[in-house]
Amino acid sequence: MSVPTAALESSICAPLPVLGQNVTVPLVTGGEVTYAALDYAASAPALQRVWDDVAAYAPYYGSVHRGAGYLSQLSTDLFENSRRTVAEFLGCRADDQVVFTRSTTDSLNLLAAAIPADCQVFVYETEHHASLLPWRDARVTYLNAPRTPAQAVESLERALADRDPYGPALVCVTGASNVTGELWPVKELAAAAHAHGARIVLDAAQLAPHHPVDIAELDVDWVAFSGHKLYAPFGSGVLAGRADWLQAAEPYLAGGGASRKVARRADGGVDVDWHTTAARHEAGSPNVIGVYSIASACKALTEAGFEGLVAREQELVGRVREGLAEVPEVQVLSLFGDDAPRVGVISFVVRGWNSSHFAAALSAEYGIGVRDGLFCAHPLVRTLLGSDPQDPGECGAPDAEPGERSLNAIRVSFGAGTPDEHIDRFLRAVSELVREGARWNYRTEDGRCVPDRGEAAQVPDTF
């Protein structure tokens, strides 16, 4: 998979309006500044279009699939139309199912609960924990971090060919790394999986917000992603793809909505006839607003011109990488090398700095929000930093004091709503912090690096 930058240069579009773009935050050095949200990989700001759509629907909110009243029927139509919108956005095949979940993590745990009992799962150590950890009841083969896309395909082919016994198998792979932003060779990995009788699920949490995803074109069996990374608010996600394993599995949750018919038996027990549609795994009253927000985001990205959004993001990626390259103390983390195509997710470390200290200074002194830590991808970050698996380190800041070495990194991430000024401010801040040092003292408090001041930060009255 690649980002065809040259072909897109003429179609670059402006950043999309997002919530929070005019929010101001206080600086420890005095005054306020417009907040620069550069942590899209954790949760992207909601598109203004999505928020407006949800607000317009809110007065008509009603329970779906259950009521005879007008609002219930309207909500049911909106819910099912959202399913069709997502299917179109993902290029689903005619017999694919779109199941609504709470998140990417929930989607992959659902699939883990649906795989055949004798299924063997193959997953790279480079995965986010959401796709690394759900396979607890399966036989799992963890593949070492590849250093080229070709090596990724080769190692998978060897592992699949050597499996014993030769039974059902599932490959789980990310589309874009949540640490390096690098694009993985998804189509080639899918071909390798299918050539060896295996299926493949694509973790598109970081890919779908930054790059078109087409299930049929990539020839993957399932795709999972989260709404909160796709510029939609609320706790909702998607698992889309082949129906057979999902239909054969016990419902992910047992309850109303998943069942078509429930009857008492003569012996006092209960017989249940479960749905075979996506409803089989959507028990309970669904998150209608969350689902609608995902569909709205899919429409907004499509109508804005996804190719133009990709082109602009690639321009920002180039600027960030060039700017960081001008600071010798900065080391950008990468598996596949400088020429690897990537989305707007870049992680780095700064020589002589505790990464949490650096991130805290970006926030407190420049109003820039980034992420520091191991990014819920501990094995990958440890590999990239060349650390021993037993070295201390966890999600978030460790107990190291500012200035001490720490096993963590800094991640800057951006996307469809990022203004040029946020990128310019970030690059200027990195250069100034490295050249001049922080202008404030910091301390570690409850595992976080914070400005050293005698009173807690004040929450604005308008919050």
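See above for the structure.
Remember, it's a predicted structure, so these values are computed and weren't measured experimentally.

Visitor: Account for the overall build of the protein chain, with residues named and values stated.
Guide: Within the protein chain, the regular secondary structure consists of 14 helices and 19 strands. Dimensions along the principal axes, computed over C-alpha positions, put the protein chain at roughly 80 × 55 × 50 Å. Counting every position in the protein chain, which comprises 463 residues, the buried fraction comes to 55%. When contacts within the protein chain are restricted to residue pairs at least 6 apart in sequence, those whose partners lie at least 24 apart make up 72%. On the protein chain, roughly 19800 Å² of surface is accessible, and the fraction owed to carbon and sulfur atoms is 50%.

Visitor: I'd love a proper account of helix α6 (residues 149–161), names of residues and values included.
Guide: In this model, α6 (13 residues) spans 19 Å end to end at C-alpha, consistent with the 18 Å of a helix rising 1.5 Å per residue. Residues Ala-152, Val-153, Ser-155, Leu-156, Ala-159 and Leu-160 constitute the buried set of α6. Burial along α6 is one-sided: seen end-on, the buried residues are contained in an arc of 165°. Those residues of α6 hidden inside the fold are in contact with β5 (120–124), β6 (139–143), β7 (169–174) and α7 (186–195).

Visitor: So what's going on with the nonpolar core? Which residues, and what values?
Guide: Counting 86 residues, the largest nonpolar core has Leu-90 and Phe-225 as the members making the most contacts within it. Among the elements that line this core, the one with the most residues is helix α10 (residues 288–304), at 9 residues. Among all residues touching Phe-225, those that are not within four sequence positions of it are Val-86, Leu-90, Ser-103, Thr-104, Ser-107, Ala-204, Ala-205, Ala-208, Leu-230, Gly-237, Val-238 and Ile-294.

Visitor: Please set out the sheet that holds strand β14 (residues 345–350) residue by residue, giving values where relevant.
Guide: Read across the open sheet, the 4 strands follow the order β13-β14-β17-β16; overall the sheet is antiparallel. With one partner strand each, in any of the chains shown, β13 (330–332) and β16 (371–373) form the two edges of the open sheet. Across the sheet, the mean angle separating the axes of adjacent strands is 30° when strand polarity is ignored. By the bridge criterion, 3 bridges tie β13 to β14 in an arrangement that is antiparallel. Residue pairing across strands places Val-330 opposite Val-350, the latter belonging to β14.

The rules behind each value
- Residues numbered from 1 in each chain as written.
- Predicted model: local features only at pLDDT ≥ 70, side-chain atom pairs only at ≥ 80, totals over all residues.
- Heavy atoms only, no water.
- Helix = DSSP H or I, 4+ residues; strand = E, 2+ residues; numbered from the N terminus.
- Buried < 20%, exposed > 50% of the residue type's maximum accessible area, 1.4 Å probe, protein only.
- Contact = heavy atoms within 4.5 Å.
- Areas by Shrake-Rupley, 256 points an atom, 1.4 Å probe, with all protein chains shown as cover.
- Expected span 1.5 Å × (residues − 1).
- Arc of directions from axis to C-beta.
- Core = buried A, V, L, I, M, F, W, Y, C linked by side-chain atoms within 4.5 Å.
- Pairing = 2+ DSSP bridges.
- Axes fitted to C-alpha atoms, helices over the stretch in contact; angles between N-to-C directions.

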